[in-house]
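# A look at the structure
The lines below spell out each chain.
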Amino acid sequence: MYTNMMHYQSQAQHWGYYAALPSRGSSGGDPLERVARLASESAVVIFSLSGCCMCHAVKQLFCGMGVNPMVYELDLDPRGKEIERALSRLLGSPVPVVFIGGKLIGAMDQVMASHINGTLVPLLKEAGALWL
């Protein structure tokens, strides 16, 4: 899959998997096209910053539900800043940005709203991220 993939852990808590953004040629292409491709490769994908408290909270939410998201820590990747800017322009808000089943869910506020109104678990089940 990825040569730079490693299990991602923070403060002895299991979040899922961290993967460096794969490179695609010298030009790199459109950052939003890369986001779409990466988002479609796992049931749950989180674009995050390693020191962001909201990112920590959304990873904790999914971990607590038994979901193992693919986490892309944008500040740990040399190409992450352009993806962070593209996501910010798209949503009008910063990371975390969550995709479930390849579909954009949104930032922390949309994820929490989905969790509170009961639509998050069905989305996770439909994507194959939860089996219960």
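Since the structure is predicted, the reported quantities are computational estimates derived from the model, not experimental observations. (Residues numbered from 1 in each chain as written. Predicted model: local features only at pLDDT ≥ 70, side-chain atom pairs only at ≥ 80, totals over all residues. Heavy atoms only, no water.)

### Observations regarding helix 4 (residues 108-116)
Note the threshold: Buried residues are those whose accessible area, probed at 1.4 Å on protein chains only, stays under 20% of the maximum for their type, while exposed residues exceed 50% and partly exposed ones sit between those limits. Secondary structure is summarised from DSSP: a helix means a run of H or I of at least four residues, a strand means a run of E of at least two, and numbering begins at the N terminus for each. Arc definition: it is the arc formed by the directions from the helix axis to the C-beta atoms. Note on contacts: a residue pair is in contact if any heavy atoms of the two residues lie within 4.5 Å.
Here helix 4 has its buried residues at Met108, Val111 and Ser114. In an axial view of helix 4, the angular spread of the buried residues amounts to 130 degrees, which keeps them on one side of the axis. Pointing more than 90 degrees away from the buried face of helix 4 are the exposed residues Asp109 and Ile116. Among the structural elements, helix 2 (53-64), strand 5 (97-100), strand 6 (103-106) and helix 5 (120-127) are those in contact with the buried residues of helix 4. Where helix 4 ends, the next residue or the one after it, glycine 118, has phi of about 85 degrees, a positive value.

### Topic: the packing of helix 2 against helix 4
What counts is decided by this rule: Think of each axis as a best-fit line through the C-alpha atoms, taken over the contacting stretch in the case of a helix, with angles from 0 to 180 degrees between the N-to-C directions. The labels follow the angle: roughly parallel below 35 degrees, roughly antiparallel above 145, roughly perpendicular from 65 to 115, and oblique for the rest. Whether a crossing is left-handed or right-handed is set by the direction in which the near helix is turned from the far one by less than a right angle, anticlockwise for left-handed and clockwise for right-handed. In this classification, Asp, Glu, Lys and Arg are treated as charged, Ala, Val, Leu, Ile, Met, Phe, Trp, Tyr, Cys and Pro as nonpolar, and every other residue, Gly included, as polar.
With their axes 10 Å apart at the nearest point, helix 2 and helix 4 run at an angle of 30 degrees to one another. Our classification of the angle between helix 2 and helix 4 gives roughly parallel. Judged by the sense of rotation from one axis to the other, the crossing of helix 2 with helix 4 is left-handed. When helix 2 is examined against helix 4, the residues Met54, Ala57, Val58, Leu61 and Phe62 are found in contact with a partner set consisting of Met108, Val111, Met112 and His115. Per-class residue counts for the contact of helix 2 with helix 4 are 8 nonpolar, 1 polar and no charged.

### Digging into the confidence of the model for the protein chain
Here is the rule we go by: Confidence of the predictor at the level of single residues is given by pLDDT, which spans 0 to 100.
In the predicted model, the protein chain carries a mean pLDDT of 84, and 79% of its residues have values of at least 70. Within the protein chain, the lowest mean pLDDT, 37, falls on strand 1 (residues 6-10), and the highest, 98, falls on strand 5. Contacts for the low-pLDDT stretch residues 1-14, under 50 throughout, to residues beyond four places or in other chains number 30 contacts.

### Structural notes on the environment of lysine 59
Counted only if it meets this: Between N or O atoms, a polar contact is any pair within 3.5 Å; within protein, one atom must be a potential hydrogen donor and the other a potential acceptor, and residues adjacent in sequence are included only when both atoms are from side chains.
Looking at the secondary structure, you find lysine 59 in helix 2. With 10 residues separating them in the primary sequence, lysine 59 and proline 69 have C-alpha atoms 7.9 Å apart. A polar atom in the side chain of lysine 59 sits 2.7 Å from the side chain of glutamate 73.

### As for helix 2
Applicable threshold: Here the expected span of a helix is defined as 1.5 Å times the quantity of residues minus one.
Over its 12 residues, helix 2 extends 16 Å from the first C-alpha to the last, a length consistent with the 16 Å expected when each residue adds 1.5 Å. Taken as a whole, helix 2 has its buried residues at Cys55, Val58, Lys59, Leu61 and Phe62. All buried residues of helix 2 project into a common sector of 155 degrees when viewed along the axis, lining one side. Structural note: helix 2 exposes Cys53 and Gly64 on the side pointing more than 90 degrees away from its buried face. Glycine 66 sits one or two positions beyond helix 2 and adopts a positive phi of about 85 degrees.

### Looking at a nonpolar patch on the surface
Rule in force here: Residues enter a patch when their relative accessible area is above 30% and they make no salt bridge; the linking distance is 9 Å between like charges and 5 Å between nonpolar side chains (Val, Leu, Ile, Met, Phe, Trp, Tyr). Here, Shrake-Rupley sampling with a 1.4 Å probe gives the accessible areas, and only protein chains in the shown set may cover a residue. Definition used for salt bridges: Asp or Glu carboxyl oxygen within 4 Å of a side-chain nitrogen of Lys or Arg.
On the surface, Leu32, Leu90 and Leu104 cluster together into a nonpolar patch covering about 230 Å² of accessible area. Inspection of the secondary structure puts leucine 32 in helix 1 (residues 31-39). Exposure remark for leucine 32: the relative accessible area of 33% places this residue in the partly exposed category.

### With respect to the pairing of strand 3 (residues 44-48)
Rules: If DSSP finds at least two bridges between two strands, the strands pair. Orient the strands so they point away from the viewer, and a crossover whose first-strand-to-second-strand path over the helix runs clockwise is right-handed.
By the criterion of burial, strand 3 is predominantly enclosed, with 5 of the 5 residues buried. As judged from the 4 bridges shared by strand 3 and strand 5, these two strands associate in the antiparallel manner. Paired with isoleucine 46 across the bridge in strand 5 is valine 98. Regarding the hand of the β-α-β motif, the stretch spanning strand 3, helix 2 and strand 4 (residues 70-73) is right-handed.

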